[in-house]
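# Survey of secondary and tertiary structure
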Amino acid sequence: MDKLIHDDKGNATISNDGATIMKLLNVVHPAAKILVDIAKSQESEVGDGTTRVVLFAEEFLKEAKLFIEDGVHSKSYT
């Protein structure tokens with residue numbers, strides 16, 4: 001499915017490529033920046049699968065959030 005991305009400068013981009021969409025995003029949140037970095041790495045190393053790795057990483061972050069909210073320290077798993 002194609003997505004239309006419109007920036008504040010008036011530029012419009014239509015794409016169904018996950019890597020292109022992730023490159024166009026201006027994110028501030030640290031977790032969102034991680035997802036953008038994952039997509040860029042996947043695109044540069046493999047050239048495909050950016051949407052899949054972002055969705056996969058998002059599931060990891062969602063599960064980790066539950067542990068963080070419970071006060072489990074990250075060093076507990078190492």
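Let me sum up the structure you'll find in this document. Since this is a predicted model, take the numbers as computed values, not measurements.

Okay, the nonpolar core next. With six residues, the main nonpolar core is built from M22, L35, V36, A39, V54 and A57. Breaking this core down by element, the ones donating at least two residues are α2 (30–45) and α3 (50–69). In terms of residues, this core owes the most to one element, α2, which gives three residues. Once residues lying within four places of it in the same chain are set aside, the contact partners of A57 are L35 and I38.

A word on α3. Its 20 residues give α3 an end-to-end C-alpha distance of 28 Å, which sits within 8% of 28 Å, the value for a rise of 1.5 Å per residue. Among the residues of α3, those classed as buried are T50, V54 and A57. Here the buried residues of α3 occupy an arc of 65 degrees about the axis, which is enough to place them on one side. Across from the buried face of α3, at angles greater than 90 degrees, the exposed residues are R52, L55, F56 and F60. Packing partners of the buried residues in α3 comprise α1 (18–24) and α2.

Residue placement: T50 occurs in helix α3. Apart from the residues lying within four places of it in its own chain, the contact partners of T50 are G18, A19, A39, Q42 and E43.

Attention shifts here to the side chain of S15. With respect to the secondary-structure elements, S15 resides in strand β2 (residues 12–15). A residue is classified by how much of its surface remains accessible, and S15, at 10% relative accessible area, is buried. Beyond its immediate sequence surroundings of up to four residues, S15 is in contact with M1, D2, K3, T20 and I21.

What counts and what doesn't
Chains are numbered independently. Their residues run from 1 in the order of the written sequence. For a predicted model such as this one, the threshold for reporting local features is a pLDDT of at least 70, and the threshold for listing and counting side-chain atom pairs is 80 or more; totals across whole chains, interfaces and linings nevertheless cover every residue. For side-chain calculations, the full set of non-hydrogen atoms in the structure is used, while hydrogens and water are omitted. Only buried Ala, Val, Leu, Ile, Met, Phe, Trp, Tyr and Cys residues count toward a nonpolar core, and they belong to the same one when joined by side-chain atoms within 4.5 Å. For every residue, the accessible area obtained with a 1.4 Å probe (protein chains only) is divided by the maximum for its type, and the residue is called buried under 20%, exposed over 50%, and partly exposed between those limits. Helix and strand labels come from DSSP, where a helix needs a run of H or I of at least four residues and a strand needs a run of E of at least two; each type is numbered from the N terminus. The contact rule is simple, with two residues in contact once any of their heavy atoms fall within 4.5 Å. Multiplying one less than the number of residues by 1.5 Å gives the expected span of a helix. Directions drawn from the helix axis to the C-beta atoms are what define this arc.

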